[in-house]
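Residue-level structure breakdown
Spelled out from the first residue to the last, the chains are:
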Amino acid sequence: MITTAKRLDTVEEYYFSSKLREVRQLMSEGKSIINMGIGSPDLSPSKAVIEAVAAAIQDENGHGYQSYQGLPEMRQAMADFYQDQFGVAVNPNNEILPLMGSKEGIMHISLAFLNPGDHVLIPNPGYPTYTSVTNLVEAVPVYYDLKEANTWEPDFEALEKLDLSKVKIMWLGYPHMPTGARGNLALFEKLVAFAKKHNILLINDNPYSFVLNDNPMSLLQVEGAKDVALELNSLSKTFNMAGWRVGMVLGNPEIIDAVLKVKSNMDSGMFYGIQKGAIAALKCDKSWFEDQNKIYRRRRELTEKLAEKLNCKVYKEGVGLFVWAKLPEGIASAEKFIDEILYEKHIFITPGTIFGSNGEGYIRFSLCVKEEKVQEAIDRF
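Residues numbered from 1 in each chain as written. Predicted model: local features only at pLDDT ≥ 70, side-chain atom pairs only at ≥ 80, totals over all residues. Heavy atoms only, no water.

- Where an unreviewed UniProt entry is consulted, the protein appears under the name Aminotransferase, with the organism given as Flavobacterium chungangense.
- On record in UniProt, under Cofactor (unreviewed entry), the comment for the protein is "pyridoxal 5'-phosphate".
- Taken verbatim from the UniProt record of the protein, the Sequence similarities (unreviewed entry) comment is "Belongs to the class-I pyridoxal-phosphate-dependent aminotransferase family." (UniProt positions renumbered as here; feature names shortened; annotations may be inferred.)

As for the overall build of the protein
- What the protein contains, in helices and strands, is twelve helices and 13 strands.
- What you see for the protein is a C-alpha radius of gyration of 21 Å, in line with the 21 Å of a compact globule of 381 residues.
- Overall, the C-alpha framework of the protein stretches about 55 × 55 × 55 Å when taken along its three principal axes.
- Taking all 381 residues of the protein together, 56% fall into the buried category.
- Here the protein has roughly 17,100 Å² of accessible surface; of this, 50% comes from carbon and sulfur atoms.
- Averaging the positions of the 41 positive and the 49 negative side-chain charges in the protein gives two centres separated by 3 Å. (Helix = DSSP H or I, 4+ residues; strand = E, 2+ residues; numbered from the N terminus. Rg over C-alpha atoms; globule rule 2.2 N^0.38 Å. Buried < 20%, exposed > 50% of the residue type's maximum accessible area, 1.4 Å probe, protein only. Areas by Shrake-Rupley, 256 points an atom, 1.4 Å probe, with all protein chains shown as cover. Lys, Arg positive; Asp, Glu negative; His and termini not counted. Charge placed at Lys NZ, Arg CZ, Asp CG, Glu CD.)

Concerning the domain arrangement of the protein
- Here the domain parsing of the protein yields domain 1 (6-44 + 287-380) and domain 2 (47-284).
- Listed as interface residues are 34 residues of domain 1 and, on the opposing side, 38 residues of domain 2.
- Summed over both partners, the interface of domain 1 with domain 2 comes to about 3,000 Å²; 61% of that surface belongs to carbon and sulfur atoms.
- Linking domain 1 to domain 2 there are zero salt bridges.
- Summed over the shared surface of domain 1 and domain 2, the result is 14 residue pairs in polar contact (both at pLDDT 80 or more).
- Residue assignment for the side of domain 1 that touches domain 2 shows that the elements contributing at least two residues are α10 (286-309), β10 (322-326) and β13 (362-366). (Domains from an automatic or database assignment. Contact = heavy atoms within 4.5 Å. Buried area = accessible area lost by both parts, 1.4 Å probe. Salt bridge = Lys/Arg side-chain N within 4 Å of Asp/Glu carboxyl O. Polar contact = N/O pair within 3.5 Å; in protein donor to acceptor, adjacent residues only side chain to side chain.)

Comments concerning the UniProt feature "domain: Aminotransferase class I/classII large" (unreviewed entry) in the protein
- Look at the UniProt record and you will see "domain: Aminotransferase class I/classII large" (unreviewed entry) annotated at residues 32-381.
- Secondary structure across residues 32-381 comprises 38% helix and 16% strand; the distance between its end C-alpha atoms is 15 Å.

Description of the side chain of Lys-263
- Looking at the element boundaries, Lys-263 is found in helix α8 (residues 253-263).
- At a separation of 3.0 Å, a polar atom in the side chain of Lys-263 contacts the side chain of Glu-104.
- Once you skip the residues sitting within four places of it in the chain, Lys-263 turns out to touch Tyr-68, Leu-97, Pro-98, Leu-99, Met-100, Glu-104 and His-108.

Here's the deal with the environment of Ala-225
- With respect to the helices, strands and loops of the structure, Ala-225 is situated in the loop between β6 (201-205) and β7 (229-234).
- In sequence terms Ala-225 and Glu-189 are 36 residues apart; their C-alpha atoms lie 8.4 Å from each other.
- If we skip the residues at most four places from it in the chain, Ala-225 touches Val-192, Leu-219 and Leu-220.

Notes on empty space enclosed by the protein
- Tallying each qualifying case throughout the model produces four cavities of 30 Å³ or more.
- In this structure, the largest cavity occupies an estimated 50 Å³ of space.
- Along its surface, the largest cavity is lined by Phe-210, Val-211, Lys-237, Thr-238, Phe-289, Gln-292 and Tyr-296. (1 Å grid on protein atoms, 1.4 Å probe; cavity = no way out; pocket = protein on both sides within 12 Å on 5 of 7 lines; lining within 4 Å. Points joined across faces, edges and corners; volume = space filled by probe spheres on them.)

So, the side chain of Thr-238
- Note that Thr-238 resides in the loop between β7 and β8 (247-250).
- Setting aside chain neighbours within four positions, we find Thr-238 in contact with Pro-207, Phe-210, Trp-288 and Phe-289.

Regarding α8
- Taken together, the buried positions of α8 are occupied by Ile-255, Ile-256, Val-259, Leu-260, Val-262 and Lys-263. End-on, the buried residues of α8 take up no more than an arc of 155 degrees, which puts them together on one face. Of the exposed residues in α8, the ones pointing more than 90 degrees away from its buried face are Glu-254, Asp-257 and Lys-261.
- Where α8 begins, one side-chain oxygen reaches toward the backbone nitrogen of Glu-254, 3.0 Å away; that side chain belongs to Asn-252. (Arc of directions from axis to C-beta.)

Observations regarding the pairing of strand β4 (residues 140-145)
- Inspection of the sheet shows strand β3 (residues 119-124) paired to β4 by six bridges, in the parallel sense. Opposite Val-120, over in β4, you have Pro-141 as the bridge partner. (Pairing = 2+ DSSP bridges.)

Encoded structure:
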């Protein structure tokens, strides 16, 4: 019998991979499931993006292997986007590496910098992939608490009390997933100073900046951040291109070079047409964001009504693609709570526990659901 690698013992199948099988089974039985669980945008990319891809498919030179670093004009579009939206100057030649979605960047960065036994600071609650990738490369997850009482920001006194001697990487993501906490420039300055003090590579995972957020920020706005920090970004949420798999990592040339060394051994470049579509997306003007947010704002208002219908307390300050809500007193298990709703009302909501122990007592609603479906969910109660 062929045995699997021991590293697989450290991870489980991704929650949504297994849970959505359960949801599909209910649908096959004729149940009308309203899926408010995952953050996969149901809206379309702009017309300009679709037209750019359609034209690129006709280009006879667009079907071969592409550069591992992407088209120069795509890197330039990414650099222009960061300059226009964040006031951050990055060199398109050596400070930007396009990715097939920012999720793959988590693995590439981890492979490039972590040895077995190195420690990794991971937010609790936070994106589960930080933990699974850390385990897969045989590093050690070390969780730092984010709590509502501290507006879902790190407690630096508690951080300083940890044994940081083996810490190599610190993951963060603001606007925060799953809570929607915005973060702020003062927080970023503290984080950069902390990383410099302890010689830690700081990585901000930043795909939600433009959804319902009137003050988009980048960690790279902090002076000197490039000395110790990378930023991941993605076109998935901002431009409704989740399935296209286009992201980027930005930072200083030495760090980007190390990530490229891994990436160039794992794929053979991004499809030409998708790169052309990404360029068109990155050139969208302010009206694109405004129009998207009008839709998401109406959805958020309805989703908050649904949460309140469940006697949950919504985290009103949240931005991004989700609504984070605290369960009523006396509810012992978020997972049991959402399962009852799934089987009794046929609505799928995400339990906060999949994001870490500090997610117990909370649930998360996705805004990737049309208004009429959210209203239907409310009506089911």
